[in-house]
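Here's the letter readout for the chains.
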Amino acid sequence: MTHLGFVLSSWIVGLGGLGAYTLWVLVRGRRLSGHVPPERRRWS
Amino acid sequence: MTATNPAPSPPLHTGSSGSRRLGVVTVAGLVLLVLFAFVFSPADAAQKDSVRIMYIHVPAAIVAYLAVTVTAVGSVFYLWKESEFGDLIAAASAELGALFVAINLFTGMMWGKPTWGAYWVWDARLTSTSLLFIMLLGYLAMRTSSPDPTVGSRRAAIVALLAAINVPIVHFSVDWWRSLHQSATVSRVDATLDDQMLFSLFLGMIVFTMVYAWLLMHRFRVIWLERQLAERGLDDAIAERRAEAFQESRS
């Protein structure tokens, strides 16, 4: 494969960035959910 | 004597049945996209394997446009109707927009070096995209620019409208100005583009849109929780101050 470093960097940083952000959102949601009463969490 | 089961405690997360279903389909879509990008689609005759960067670069750009549009629509509803939903969805979408623009810029640089011989050139597309990124960061900064959240939201909503005006400028910059960047790949679907390349590109757009939708649901709910806690904190502070004032008046 040509330009392997550029191709892999793009995909690793792109998907890695999305993965890291997803993890941050899910962990923050889990932490904050414990402080808000269930009736105020309309989705649960 | 019968044992009574305690009521099940509500789950501590931002998921719902809808977001879970979407999440499963999205993960499957991402796996399929990686397979198409690296295994099933061929290398390009001119760009060689660097064309595989396009399957993440172009979808990130399209979803960034979508995110800015959603931010602008939410902001209009906030400015017009003072809609809290509009304000919160705009905030969630702006953050995602900044993320997708950052991915678009980075992958563009990775494509530019082997193709143009430079990571960065100050041409119309790259400059206007950078401006969009800065505007989205500005939107997020504006939200916290005042102790009064309504003032911050109003200022940010105006920045969102300016960012939305920039979206067609970014998109058509390659036609309006002389640019090193190639013109729109998707709008000029021609016979020279291989079927598998075209499919991979469209698959990328669909999958990235699903990633955006899934993240938007979760981020919106997290912002909603943050707002609830901030309001409760304010209520508690007011109640505490009233109690102190009552004590002072009695002594």
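Our structure's up above, just so we're on the same page.
Residues numbered from 1 in each chain as written. Chains lettered and ligands numbered in written order. Predicted model: local features only at pLDDT ≥ 70, side-chain atom pairs only at ≥ 80, totals over all residues. Heavy atoms only, no water.

1. Concerning the interface of chain B and chain A
Okay, so step 1: Residue-level contacts link 45 residues of chain B with 34 residues of chain A.
Okay, so step 2: Here chain B packs against chain A, burying approximately 3,600 Å² in sum over the two surfaces, 76% of which is carbon and sulfur.
Okay, so step 3: Ranking the residues of chain B by area buried against chain A places B:Leu12, B:Trp224 and B:Leu225 at the top, with a combined share of 16%.
Okay, so step 4: Counting across the chain B and chain A interface gives 1 salt bridge.
Okay, so step 5: A salt bridge links B:Glu226 to A:Arg28, with the shortest nitrogen-to-oxygen separation between them at 2.6 Å.
Okay, so step 6: Here chain B and chain A share 6 residue pairs in polar contact (both at pLDDT 80 or more) between them.
Okay, so step 7: Taken together, the elements giving at least two residues each to the side of chain B that touches chain A come down to helix 1 (17–40), helix 2 (54–81), helix 3 (84–116) and helix 6 (195–250) of chain B.
Okay, so step 8: Its residues assigned to classes, the side of chain B that touches chain A comprises 27 nonpolar, 9 polar and 9 charged. (Contact = heavy atoms within 4.5 Å. Buried area = accessible area lost by both parts, 1.4 Å probe. Salt bridge = Lys/Arg side-chain N within 4 Å of Asp/Glu carboxyl O. Polar contact = N/O pair within 3.5 Å; in protein donor to acceptor, adjacent residues only side chain to side chain. Helix = DSSP H or I, 4+ residues; strand = E, 2+ residues; numbered from the N terminus. Nonpolar A, V, L, I, M, F, W, Y, C, P; charged D, E, K, R; others polar.)

2. Description of a negative patch on the surface
Residues and elements named next belong to chain B.
Okay, so step 1: Negative charge collects at one region of the surface, where Glu231, Asp235, Asp236 and Glu240 lie side by side.
Okay, so step 2: Tracing the sequence through the fold places Asp236 in helix 6.
Okay, so step 3: For Asp236, a relative accessible area of 44% translates into the label partly exposed. (Patch = residues over 30% accessible without salt bridge, like charges linked within 9 Å, V, L, I, M, F, W, Y side chains within 5 Å. Areas by Shrake-Rupley, 256 points an atom, 1.4 Å probe, with all protein chains shown as cover. Lys, Arg positive; Asp, Glu negative; His and termini not counted. Charge placed at Lys NZ, Arg CZ, Asp CG, Glu CD. Buried < 20%, exposed > 50% of the residue type's maximum accessible area, 1.4 Å probe, protein only.)

3. Comments concerning the packing of helix 2 of chain B against helix 4 (residues 124–143) of chain B
Residue and element names in this part refer to chain B.
Okay, so step 1: With their axes 12 Å apart at the nearest point, helix 2 and helix 4 run at an angle of 40 degrees to one another. Classed by the angle they form, the pair helix 2 and helix 4 counts as oblique. Relative to helix 4, helix 2 is oriented so that their crossing is left-handed. Together, Tyr65, Val68, Thr71 and Ser75 of helix 2 and Arg125, Leu132, Leu136 and Tyr139 of helix 4 make up the contact between the two elements.
Okay, so step 2: For the contact of helix 2 with helix 4, the per-class residue count stands at 5 nonpolar, 2 polar and 1 charged. (Axes fitted to C-alpha atoms, helices over the stretch in contact; angles between N-to-C directions. Parallel < 35°, antiparallel > 145°, perpendicular 65-115°, else oblique. Left-handed = near helix turned anticlockwise from the far one by under 90°.)

4. A word on the nonpolar core
Okay, so step 1: Residues A:Leu18, B:Phe100, B:Leu132, B:Tyr139 and B:Phe208 are the most contacted members of the largest nonpolar core, which totals 64 residues.
Okay, so step 2: Element by element, the count of residues in this core is highest for helix 6 of chain B, at 17 residues.
Okay, so step 3: With sequence-adjacent residues up to four places away left out, B:Phe208 is seen in contact with A:Leu18, B:Leu33, B:Ile56, B:Pro59, B:Ala60, B:Val63 and B:Phe100. (Core = buried A, V, L, I, M, F, W, Y, C linked by side-chain atoms within 4.5 Å.)

5. Quick notes on the pattern of salt bridges
Okay, so step 1: Enumeration over the complete set of coordinates arrives at 8 salt bridges over all chains.
Okay, so step 2: The closest approach of N and O atoms between B:Glu226 and B:Arg219, which form a salt bridge, is 3.9 Å.
Okay, so step 3: Since its relative accessible area comes to 23%, B:Glu226 is described here as partly exposed.
Okay, so step 4: It is possible to trace a salt-bridge network through shared partners that takes in A:Arg28, B:Glu95, B:Arg219 and B:Glu226.

6. A closer look at a nonpolar patch on the surface
All names here are of chain B.
Okay, so step 1: A cluster of nonpolar residues, Val73, Val76, Phe77, Leu79, Trp80, Ile158, Leu161, Leu162 and Ile165, forms a patch on the protein surface that exposes about 830 Å² of accessible area.
Okay, so step 2: Broken down by secondary-structure element, the contributors of at least two residues to the nonpolar patch are helix 2 and helix 5 (149–176).
Okay, so step 3: Among the elements that take part in the nonpolar patch, helix 2 stands out by supplying 5 residues, more than any other.
Okay, so step 4: Its place among the elements puts Val76 in helix 2.
Okay, so step 5: Owing to a relative accessible area of 38%, Val76 belongs among the partly exposed residues under this scheme.

7. Describing the side chain of B:Thr107
Okay, so step 1: Residue position: B:Thr107 is located in helix 3.
Okay, so step 2: Setting aside its immediate chain neighbours within four residues, B:Thr107 contacts A:Ser10, B:Ile53, B:Ile56 and B:His57.

8. Regarding the packing of aromatic side chains
All names here are of chain B.
Okay, so step 1: Enumeration according to the criterion identifies 12 aromatic pairs over all chains in this entry.
Okay, so step 2: Summarising the aromatic geometry, the rings of Phe77 and Trp80 are spaced 6.0 Å apart at their centres and angled 45 degrees between planes, so their arrangement reads as tilted. Of this pair, Phe77 and Trp80 both sit in helix 2, 3 residues apart, roughly one helical turn.
Okay, so step 3: Classification of Phe77 by relative accessible area gives partly exposed; the value is 38%.
Okay, so step 4: On the numbers, 5.4 Å between centres and 75 degrees between planes, the contact of Trp120 with Trp122 is edge-to-face.
Okay, so step 5: By way of ring pairs, the aromatic residues Phe36, Phe40 and Phe199 are connected into one cluster.
Okay, so step 6: Taking the ring centre of Trp80 as reference, the NZ or CZ of Lys81 above it sits at 4.5 Å. (Phe/Tyr/Trp six-rings, centres within 6.5 Å; stacked < 30°, edge-to-face > 60°. Lys NZ or Arg CZ within 6 Å of the ring centre and 35° of its normal.)

9. Some thoughts on the packing of helix 1 (residues 4–33) of chain A against helix 1 of chain B
Okay, so step 1: At a minimum axis distance of 13 Å, the contact between helix 1 of chain A and helix 1 of chain B shows a crossing angle of 170 degrees. When the axes of helix 1 of chain A and helix 1 of chain B are compared, the pair comes out roughly antiparallel. When helix 1 of chain A is examined against helix 1 of chain B, the residues A:Val7, A:Leu8, A:Trp11 and A:Leu15 are found in contact with a partner set consisting of B:Leu30, B:Leu33, B:Val34, B:Ala37 and B:Phe38.
Okay, so step 2: Class assignment for the residues of the contact of helix 1 of chain A with helix 1 of chain B results in 9 nonpolar, no polar and no charged.

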